[in-house]
Amino acid sequence: MKNVLSLALLAALPAAFAQQSAYGQCGGVNWTGATTCVSGYYCSYGNAYYSQCVPGTASTTTSTTAAVTSGTTTSRSSSSTTLVTSTTTTSATVSASACPTAFTSIPAQSFITNMNPGWNLGNTLDAVPDETSWGNILTPASVFDDVKAKGFKGVRLPVTWADHFSTGSPSWTVTPAWMDRVETVVDYALARDLYVILNVHHDSWEWADFSASGANVTMIEEKFVSLWTQIGTRFKCKSSLLAFEPLNEPVGTTEAHGTQMNRMNMLFLQTIRAVGGYNAQRVVTLVGLGEDSVKTSQWFEFPSGYESQPWALQYHYYSPYMFTFGAWGATTWGSDADKTAMEADIAGMRANFTDVPLIIGEWNAFAANTENAARWKYYDHLMKLGVKYNTATVLWVTGWDDLNRSTHVWRNEVDVNIVISGTKGVANSLPDSTTDTSATTQSSSAFIFHKVSDAVSAQTLPFQLNGNTVSSIKSSAKTLVAGTDYSVSGSNIVFATSYLSTLYSATTAAGILDTLNVTFSAGAGSQIQVVQWDVPTLSTTTSKAVTGTDLYIPITWKGYNHVAAVRALKADGTYLFDDWTVYLPALQQARITYGQYGWDSSNVILWAAVQTAVVSAGQATTFMFEFFPRVPGNSVNYTLTV
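So, about the overall build of the protein. Check the secondary structure of the protein and you find 14 helices and 33 strands. Burial statistics for the protein: of 642 residues in total, 55% are counted as buried. Residue pairs in contact within the protein that sit at least 24 positions apart in sequence constitute 73% of those at least 6 positions apart.

Structural data, given as structure tokens:
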């Protein structure tokens, strides 16, 4: 017959005999389950509400190999983000000798310097729900051969883990297949002696948004600790070329949110050190709220007690947004005011963190949204400031903006060459373009624009040579002859009528006719696209607005297939969106923003929110699509009625 135990004895059994499994909960307020762990694991304090079984053995003495905390630990009240200090000190004595290879420690500043310039494997392992979901191929090892050969010294590997948990609470176990896949890609990069930053990426808004109304911060912390326990364990024996970043662009707006992010940094350090290996000696790039310079400067505090951890501070830079994302008609950049504003941002971070290694983990002014000459000036100036203020940079790429990972061909090669040369402190020569904010037209020396029906004449393109000289100009057919096909006058490159007449006439069909590659005595080369242009035409010029529907308008392109900006005026003359743009320069007033319009090889597009806004406005709205060259008349109108 079965034995019958008293209720008292049953209640005592979990604490007396049961042991929690690996990574399971083993303590916390109101916890009534097991408080000891299976062999090889110990119960590590995470916060007042959660302790977890992690690899190693507990000790009350300080360890130099993998301290959980040093001096103090912090706990969070469930009703407040105030950090409460405790005098408890524990450590995990997980020996690095268990790792099969030796580890050569790298100071954080050396790590950051040595990986500069860096390159992001964007929209790939961070894609939701899987690696190929956002249009990229499964990452081959050859990607890192291409990146290294181009001159990048390090890679940032953004990873979203949210769709790769095999179970729910309490352990949130990452599937073996996904952990294996991430390790494979990490090993691809490390095998090529590239410096690597591995992170937790879009999880910041998938499940780790501690700023959201009603957020279960305790659960977020538990899941965060569990995830980093698993990542830290898998990668604890990797070489010192691998660094960790706790959480990409953590969401929040207030000081309380900033304080919570400081706590997340502490939990991150506590966790990776607890699992041992080389993690206590590994470089980490900590982050502030939003990973932007303003909130980071306001509220970031380094977790007390972890001073022995080699660390750098990472922030991101996409400023000014309206230029880098092609918003509200901002197609120019490079004025003295533009450069002063950028320097204030970069210098301000350095002034706030004078002795901290700094790295801009993401930045870009995207080719799809920007005019070439303006973008190249932006790239060049940011590289100059990185050198001046000892700040490394990691270019954000999506997979369709620079390297074609299937063909190994670099798109927009001037962009990356400016990065490589600029990081070395080499002066780049740049095509000039309009920077005057009062301008009503826009010029660019990255193009030779010629309008259909105009007579052929010499074209003068101003350049910023920056102390360099023109070495050569090559077309697809030949090397141009200096003094015959072109000449250099001061900082201007003048293309002769006789040469241009070999490329086009007044009646040549519209399109990109050639690309001229310009090399200089130093720095990155440049490109000049020769474009015969006419005003594009739309298949129709009006339709009735339909709420919630994307509108594809067929277009016949005639020249450079790129929308420069879109103006939206209601029938009464007021702006459909963003009345405040009346205070912007003339080229930006009434223009709508990136994400409200788009284009492809056959259409210009108004996204669903635009049609919905027209219906809500209750009156017809006319959209003026503007193209490059951005001059009066190079535009077409489309009207949505209600």
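This paragraph deals with the pattern of salt bridges. Applying the stated criterion to the full structure yields 19 salt bridges. Where Arg-234 meets Asp-180, a salt bridge forms, and the shortest distance between an N and an O atom there is 3.0 Å. Taken as a pair, Arg-234 in helix H6 (residues 217-235) and Asp-180 in helix H4 (residues 176-190) lie far apart in primary sequence, 54 residues in all. Judged by its relative accessible area of 38%, Asp-180 is partly exposed. Between Lys-238 and Asp-187 there is a salt bridge, with its nearest N and O atoms 2.8 Å apart. Placement of the pair is Lys-238 in the loop between H6 and strand E11 (242-245) and Asp-187 in helix H4, with a sequence separation of 51 residues. The class for Lys-238 is buried, based on a relative accessible area of 14%. Taken together, the salt bridges that share partners define one network made up of Asp-180, Glu-183, Asp-187, Arg-234 and Lys-238.

The next point concerns empty space enclosed by the protein. Within the structure shown, the criterion is met by 3 cavities of 30 Å³ or more. Approximately 50 Å³ is the volume found for the second largest cavity. Contributing to the lining of the second largest cavity are Asn-364, Ala-365, Phe-366, Ala-367, Tyr-379, Leu-395, Val-397, Asp-401, Asp-402, Asn-412, Asp-415 and Val-416. The class makeup of the residues in the lining of the second largest cavity is 7 nonpolar, 2 polar and 3 charged.

With 20 residues, helix H7 (residues 255-274) extends 29 Å between its outermost C-alpha atoms, agreeing within 8% with the 28 Å of an ideal straight helix rising 1.5 Å per residue. Burial analysis of H7 places 17 of its 20 residues in the buried class, the great majority of the element. Immediately downstream of H7, the backbone of Gly-276 shows phi near 85 degrees, a positive value.

Turning our eyes to something else, we now look at the sheet that holds strand E33 (residues 635-641). One open sheet accounts for 4 strands, arranged E27-E33-E32-E29; its pairing is mixed. If you trace the sheet from one side to the other, it starts and ends with strand E27 (542-544) and strand E29 (563-570), each paired once. For this sheet, the mean angle separating the axes of adjacent strands, direction not counted, is 20 degrees. As defined by bridge partners, E29 adjoins strand E32 (residues 621-627) across 7 bridges and the pair is classed as antiparallel. From the neighbouring strand, Val-563 faces E32, where its bridge partner is Phe-627.

Right, let's get into the packing of aromatic side chains. Inspection of the entire model under this criterion finds 28 aromatic pairs. When the ring of Phe-463 is compared with that of Phe-520, the centres are 6.2 Å apart and the planes differ by 45 degrees; the resulting orientation is tilted. Linking Phe-463 in strand E20 (residues 459-464) with Phe-520 in strand E24 (residues 511-520), this pair joins segments that are 57 residues apart in sequence. Take Phe-520: its relative accessible area is 7%, and that puts it in the buried class. Ring centres of Tyr-597 and Trp-599 lie 6.4 Å apart, and the angle between their planes is 20 degrees; on these two criteria the pair is classed as stacked. Pairwise contacts between aromatic rings join Tyr-318, Tyr-321, Phe-325, Trp-328, Phe-366, Trp-580 and Tyr-594 into one cluster.

As a further point, take the layout of surface pockets. Volume-wise, the largest pocket comes out at about 1000 Å³. The class makeup of the residues in the lining of the largest pocket is 18 nonpolar, 16 polar and 8 charged.

Another aspect to go through is the sheet that holds E20. By way of backbone hydrogen bonds, the strands of a sheet pair with one another, either parallel or antiparallel. Reading across from one edge, E18-E20-E23-E22 is the order of the 4 strands in this open sheet, with antiparallel pairing throughout. Each end of this open sheet is capped by a strand with a single partner; those strands are strand E18 (430-431) and strand E22 (486-489). In this sheet, E20 lies alongside E18 in antiparallel orientation, the contact comprising 2 bridges. Paired with Pro-431 across the bridge in E20 is Phe-463.

This paragraph deals with the packing of helix H11 (residues 372-388) against helix H12 (residues 413-423). Packed helices, taken two at a time, are described by the angle their axes make and the gap between the axes. Where H11 meets H12, the axes come as close as 9 Å, and the angle between the chain directions of the two elements is 20 degrees. One element, H11, and the other, H12, form an angle in the roughly parallel class. With respect to the hand of their crossing, H11 and H12 are arranged in right-handed fashion. Listed contacts from H12 to Arg-375, Trp-376, Tyr-379, Asp-380, Met-383 and Val-387 of H11 are Val-414, Asp-415, Ile-418, Val-419, Gly-422 and Thr-423. Among the residues forming the contact of H11 with H12, the class breakdown is 7 nonpolar, 2 polar and 3 charged.

Below, the discussion takes up the nonpolar core. By size, the foremost hydrophobic cluster in this structure holds 112 residues, and its most contacted members are Trp-119, Trp-161, Leu-198, Phe-244 and Trp-363. Among all residues touching Phe-244, those that are not within four sequence positions of it are Leu-198, Trp-228, Ile-231, Gly-232, Phe-235, Phe-268, Ile-272, Asn-279, Arg-282, Val-283, Val-284 and Thr-285. Membership of the second largest hydrophobic core comes to 24 residues, among which are Trp-557, Val-563, Ile-592 and Ala-613.

Below, the discussion takes up unusual backbone geometry. Cis geometry marks the peptide bond from Val-128 to Pro-129; its omega dihedral reads 5 degrees. Take Pro-129: it is sitting in the loop between strand E8 (118-120) and helix H3 (142-150). Omega for the peptide link from Phe-628 to Pro-629 comes to 0 degrees, which places this bond in the cis form. Inspection of the secondary structure assignment puts Pro-629 in the loop between E32 and E33. Positive phi, normally seen in glycine, also occurs at Asp-193, with a value near 60 degrees.

Time to look at the environment of Met-624. Among the structural elements, Met-624 can be located in strand E32. Through-space distance from the C-alpha of Met-624 to that of Thr-639 is 8.7 Å; in sequence the pair is 15 residues apart.

With that settled, consider H3. Along H3, the residues that are buried comprise Val-143, Phe-144, Asp-146, Val-147 and Lys-150. Buried positions in H3, seen along its axis, are confined to an arc of 155 degrees and lie on one side of it. Tucked into the core, H3 has its buried residues touching E8, strand E9 (154-157), H4, strand E16 (403-404), strand E17 (409-410) and H12. Following H3 by one or two positions, Gly-151 adopts a phi angle in the positive range, close to 120 degrees.

Attention now moves to a nonpolar patch on the surface. Together, Trp-580, Val-582 and Tyr-583 make up a nonpolar patch on the protein surface, roughly 370 Å² of accessible area in all. Among the secondary structure elements, Tyr-583 is positioned in the loop between E29 and strand E30 (597-599). The class for Tyr-583 is exposed, based on a relative accessible area of 73%.

Criteria and cut-off values
Residues numbered from 1 in each chain as written. Predicted model: local features only at pLDDT ≥ 70, side-chain atom pairs only at ≥ 80, totals over all residues. Heavy atoms only, no water. Helix = DSSP H or I, 4+ residues; strand = E, 2+ residues; numbered from the N terminus. Buried < 20%, exposed > 50% of the residue type's maximum accessible area, 1.4 Å probe, protein only. Contact = heavy atoms within 4.5 Å. Salt bridge = Lys/Arg side-chain N within 4 Å of Asp/Glu carboxyl O. 1 Å grid on protein atoms, 1.4 Å probe; cavity = no way out; pocket = protein on both sides within 12 Å on 5 of 7 lines; lining within 4 Å. Points joined across faces, edges and corners; volume = space filled by probe spheres on them. Nonpolar A, V, L, I, M, F, W, Y, C, P; charged D, E, K, R; others polar. Expected span 1.5 Å × (residues − 1). Pairing = 2+ DSSP bridges. Axes fitted to C-alpha atoms, helices over the stretch in contact; angles between N-to-C directions. Phe/Tyr/Trp six-rings, centres within 6.5 Å; stacked < 30°, edge-to-face > 60°. Parallel < 35°, antiparallel > 145°, perpendicular 65-115°, else oblique. Left-handed = near helix turned anticlockwise from the far one by under 90°. Core = buried A, V, L, I, M, F, W, Y, C linked by side-chain atoms within 4.5 Å. Arc of directions from axis to C-beta. Patch = residues over 30% accessible without salt bridge, like charges linked within 9 Å, V, L, I, M, F, W, Y side chains within 5 Å. Areas by Shrake-Rupley, 256 points an atom, 1.4 Å probe, with all protein chains shown as cover.

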